[in-house]
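Inside the fold
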Amino acid sequence: MEFYELVALERGSKLNLIVWLQNRSLLANPLRCAQCNIHMEMKKRNNHVDGFHWRCSGCKKKRSLRTNSWFEEFPRVSLGMLLLCIYYFVCEDTQRKTAQRLNLNQGLVSRIFRNLQDVCSRDLVERPVIPFGGPGTAVKCDESKFNHKAKYNRGRRAARDTWVFGIITTEFTPARGYFQVVDRRNIATLDPIITRCIRPGTVLYTDDWAAYRGMAARINVADHRIVVHARNFVDPLTGFHTQEIESCWNNLKLGQKMRRGIKRDDLQSYLDEQMWRQWRAGDHRHILQNFLAVIPQQYVFTNPAL
């Protein structure tokens, strides 16, 4: 869907936008009354942001047009404006620019974007991307520090280092992976993550960090190949390297830089969003429709309204 089509929906009649959202299972069509067990009717609602609400012809109770939908999370923001926020989110626009474009409070945009990240996180739970790999497949592991570097050494340093462990598969181009914030980088922390992420018979590439030593004896892998980065990044004798995951770190940290740093408590949500983009977003022309298709799976508007 093109941007101008969304703008036309946002600026057009409220009813046309409602029908468009209903056709994509983003709003109830219609809502069912739990008490009477009948379909409620959509009635006009003057002086309201939606312009309509649901009314039961039996018990006469009224419910919001957004009942049981994602849009219920932000009842004071118009449906069209929320749809544009989703568009800017999937296009990886910054919160600041989105707030400026839509003339919205940046704190509100931040809450909307964080909620959309939670949609990505839940989708990864419901449709896991792990395990991956298997016989004849290579995966590469590494850890990286995600402390935001203040420009010109201004500002406070982080109270503690924030480390992310990553494991990527080279089955795809560009590579796709799994990333998790970790408190420690020892065997007890990393081995369970690796075991959960890869299938038996995978060829595993790592650097020479202490926690990786002897891994072939602890984890069911076909081979464990080590690159000593203190000497070189590509082994001149074997050609072994971990360049793909280094490229992933660069991309993830670019997003962190664009956001002017990410709080430690928000970092896993950011990583979940990036994993969703790698595995579920698809072609850039279809990312919006792929994301919109996920939302109805998490908000069941067919549930009767109490």
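Under an unreviewed UniProt entry, the name given to the protein chain is ISXO2-like transposase domain-containing protein, and the organism recorded is Acropora cervicornis.

Focus: the overall build of the protein chain
When helices and strands are counted, the protein chain shows ten helices and eight strands. Considered along the principal axes of its C-alpha atoms, the protein chain spans approximately 75 × 45 × 35 Å. Counting across all 306 residues of the protein chain, residues that qualify as buried make up 46%. Accessible area of the protein chain: about 16,600 Å², with a carbon and sulfur share of 47%. Of the side-chain charges in the protein chain, 47 are positive and 29 negative, and the distance between the mean point of each set is 8 Å.

A few points about helix H3 (residues 79-90)
Given a rise of 1.5 Å per residue, twelve residues ought to cover 16 Å, and the 17 Å separating the end C-alpha atoms of H3 matches this to within 8%. Most of H3 sits out of view: twelve of its twelve residues are buried. When H3 is considered as a whole, its buried residues turn out to be Leu79, Gly80, Met81, Leu82, Leu83, Leu84, Cys85, Ile86, Tyr87, Tyr88, Phe89 and Val90. Residues of H3 that are buried in the fold lie against helix H1 (3-11), helix H2 (14-23), helix H4 (95-102), helix H5 (106-126), helix H9 (264-279) and helix H10 (287-298).

A word on the pattern of salt bridges
Across all of its chains, the model carries 16 salt bridges by this definition. Asp123 is the partner of Arg127 in a salt bridge, and the nearest nitrogen-oxygen pair spans 2.7 Å. For Arg127, a relative accessible area of 32% gives the class partly exposed. Relative accessible area serves as the criterion here: at 1%, Asp123 is assigned to the buried category. The salt bridge involving Arg225 is made with Asp223; its shortest N-O contact spans 2.9 Å. Where salt bridges share partners, they join Glu92, Arg259, Glu273 and Arg277 into one cluster.

Points about the packing of H3 against H10
Where H3 meets H10, the closest approach of the two axes is 10 Å, and the angle between their N-to-C directions is 120°. What the angle tells us is that H3 and H10 run oblique. H10 is crossed by H3, and the crossing has right-handed handedness. Along its contact with H3, which presents Leu83, Ile86, Tyr87, Phe89 and Val90, the element H10 presents Ile287, Leu288, Phe291, Leu292 and Ile295.

So, how was this worked out
- Residues numbered from 1 in each chain as written.
- Predicted model: local features only at pLDDT ≥ 70, side-chain atom pairs only at ≥ 80, totals over all residues.
- Heavy atoms only, no water.
- Helix = DSSP H or I, 4+ residues; strand = E, 2+ residues; numbered from the N terminus.
- Buried < 20%, exposed > 50% of the residue type's maximum accessible area, 1.4 Å probe, protein only.
- Areas by Shrake-Rupley, 256 points an atom, 1.4 Å probe, with all protein chains shown as cover.
- Lys, Arg positive; Asp, Glu negative; His and termini not counted.
- Charge placed at Lys NZ, Arg CZ, Asp CG, Glu CD.
- Expected span 1.5 Å × (residues − 1).
- Contact = heavy atoms within 4.5 Å.
- Salt bridge = Lys/Arg side-chain N within 4 Å of Asp/Glu carboxyl O.
- Axes fitted to C-alpha atoms, helices over the stretch in contact; angles between N-to-C directions.
- Parallel < 35°, antiparallel > 145°, perpendicular 65-115°, else oblique.
- Left-handed = near helix turned anticlockwise from the far one by under 90°.

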